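Here is how the chains run, residue by residue.
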Amino acid sequence: MDQSTINFYQENAKQVAERYESVVSDLSKHFSEAFNTGLKVLDIGCGSGRDLAVLHKLGFDCYGIDPTAEFVEIAQEIHTELRDRIIQGALPELSVPFDGEFDGVLCSAVLMHIEVEQLPAAAQAIKACLKVGGRLLFSVPSKRLDVVSENRDQNGRLFIPNQADRLKSIFEELGFKTISTWNNSDSMGRDAVAWESLLMELETH
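Residues numbered from 1 in each chain as written. Predicted model: local features only at pLDDT ≥ 70, side-chain atom pairs only at ≥ 80, totals over all residues. Heavy atoms only, no water.

Q: What am I meant to see in the overall build of the protein chain here?
A: Scanning the protein chain for helices and strands turns up seven helices and seven strands. Whereas a compact globule of 205 residues would reach a radius of gyration of roughly 17 Å, the protein chain reaches 15 Å, a difference of no more than 12%. Taken along its principal axes, the extent of the C-alpha atoms in the protein chain is 40 × 40 × 30 Å. Counting all 205 residues of the protein chain, 52% fall into the buried class. Intrachain contacts of the protein chain at a sequence separation of at least 6 include 69% that bridge at least 24 residues. Per element, the accessible surface of the protein chain, about 9100 Å² overall, is 45% carbon and sulfur. Computed over 19 positive and 32 negative side-chain charges, the separation of the two mean positions in the protein chain equals 4 Å. (Helix = DSSP H or I, 4+ residues; strand = E, 2+ residues; numbered from the N terminus. Rg over C-alpha atoms; globule rule 2.2 N^0.38 Å. Buried < 20%, exposed > 50% of the residue type's maximum accessible area, 1.4 Å probe, protein only. Contact = heavy atoms within 4.5 Å. Areas by Shrake-Rupley, 256 points an atom, 1.4 Å probe, with all protein chains shown as cover. Lys, Arg positive; Asp, Glu negative; His and termini not counted. Charge placed at Lys NZ, Arg CZ, Asp CG, Glu CD.)

And the structure:
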């Protein structure tokens, strides 16, 4: 994951976590459709633990990783039910966590923070976490009008645009098929931001 983006989250983790926790993710309404209740799910880039807590409440055996040590700590303080279920880790150099063999992977608002040339390695790392038949649910921006220069916002965070089709092709080459796609509004109500989400299933290793 882009280091300047990680640096921003490290320096602003408390304030960002408060913003995340103040809203419900629009993507979360698809969790029960995407994954079968009770199965093992990994949230890559779990941030404040907001979506992970929803998965836990829905009955999933869920775990999380995040590249920001501050988020790993904050998430487990806010959501005590997630204690010992979140560790530090990042794409694309991710080592398979929690013994792998996941039935599902959630990757919400993460892959746009990875340079294009690193996306195949990131996709391979995600695949390594999943069982055959496992599902991947990811979201990336379809609109990001607050990007000001060289695909970065005013805080220096990387937001590579128009990633959905590129990622779809990369994952299909790795043996995934597309199940569903959705357009999601921005959970924080920002007119300058909209999201595209894909649900894919791993058919072959």
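Q: So what exactly am I meant to see when it comes to unusual backbone geometry here?
A: For residues that are not glycine, phi is negative in most cases, and the peptide bond is trans in most cases. With omega at 5°, the peptide bond leading from Leu91 into Pro92 counts as cis. With respect to the helices, strands and loops of the structure, Pro92 is situated in the loop between strand 3 (86–88) and strand 4 (102–108). Backbone geometry places Glu150, a non-glycine residue, at a positive phi of 50°. Within the secondary structure, Glu150 is located in the loop between strand 5 (130–144) and helix 7 (164–173).

Q: How should the nonpolar core be read in this particular structure?
A: Of all hydrophobic cores here, the largest spans 31 residues; its most connected members are Leu91, Leu111, Phe138 and Phe171. Of all the elements in the fold, those that place two or more residues in this core are strand 1 (40–44), strand 2 (61–66), strand 4, helix 6 (119–129), strand 5, helix 7 and strand 7 (193–202). Counting residues per element, this core draws most heavily on helix 6, at six residues. Residues contacting Leu91, with those up to four places away along its chain left out, are Met1, Ile44, Cys107, Leu111, Ile114, Ala122, Ala125 and Ile126. Of all hydrophobic cores here, the second largest spans 19 residues; its members include Ala34, Leu52, Leu55 and Ile86. (Core = buried A, V, L, I, M, F, W, Y, C linked by side-chain atoms within 4.5 Å.)

Q: What is the right way to read the packing of helix 1 (residues 3–11) against helix 2 (residues 13–21) from this model?
A: When two helices pack together, their arrangement is given by the angle between their axes and by how far apart the axes lie. As a packed pair, helix 1 and helix 2 sit with axes 5 Å apart at the nearest point and diverge in direction by 85°. Judged by the inter-axis angle, helix 1 sits roughly perpendicular to helix 2. When helix 1 is examined against helix 2, the residues Phe8, Tyr9, Gln10 and Glu11 are found in contact with a partner set consisting of Ala13, Val16 and Tyr20. Here the residues of the contact of helix 1 with helix 2 sort into five nonpolar, one polar and one charged. (Axes fitted to C-alpha atoms, helices over the stretch in contact; angles between N-to-C directions. Parallel < 35°, antiparallel > 145°, perpendicular 65-115°, else oblique. Nonpolar A, V, L, I, M, F, W, Y, C, P; charged D, E, K, R; others polar.)

Q: Teacher, can you tell me more about the side chain of Asp2 here?
A: Note that Asp2 resides in the segment before helix 1. At 2.7 Å, the side chain of Asp2 forms a polar contact with the side chain of Thr5. In this structure, Asp2 is in contact with His113, Glu115, Arg152, Gly156 and Leu158, ignoring residues within four places of it in sequence. (Polar contact = N/O pair within 3.5 Å; in protein donor to acceptor, adjacent residues only side chain to side chain.)

Q: What's the story with the packing of helix 2 against helix 5 (residues 69–78) in this structure? I'm lost.
A: Where helix 2 contacts helix 5, the axes come no closer than 10 Å and their chain directions differ by 45°. Relative to helix 5, the element helix 2 lies oblique. Handedness of the crossing formed by helix 2 with helix 5: right-handed. Across the interface between the two elements, Ala13, Lys14, Val16, Ala17, Tyr20 and Glu21 from helix 2 touch Glu70, Phe71, Ile74 and Ile78 from helix 5. (Left-handed = near helix turned anticlockwise from the far one by under 90°.)

The values reported here are purely geometric and, on their own, carry no functional implication.
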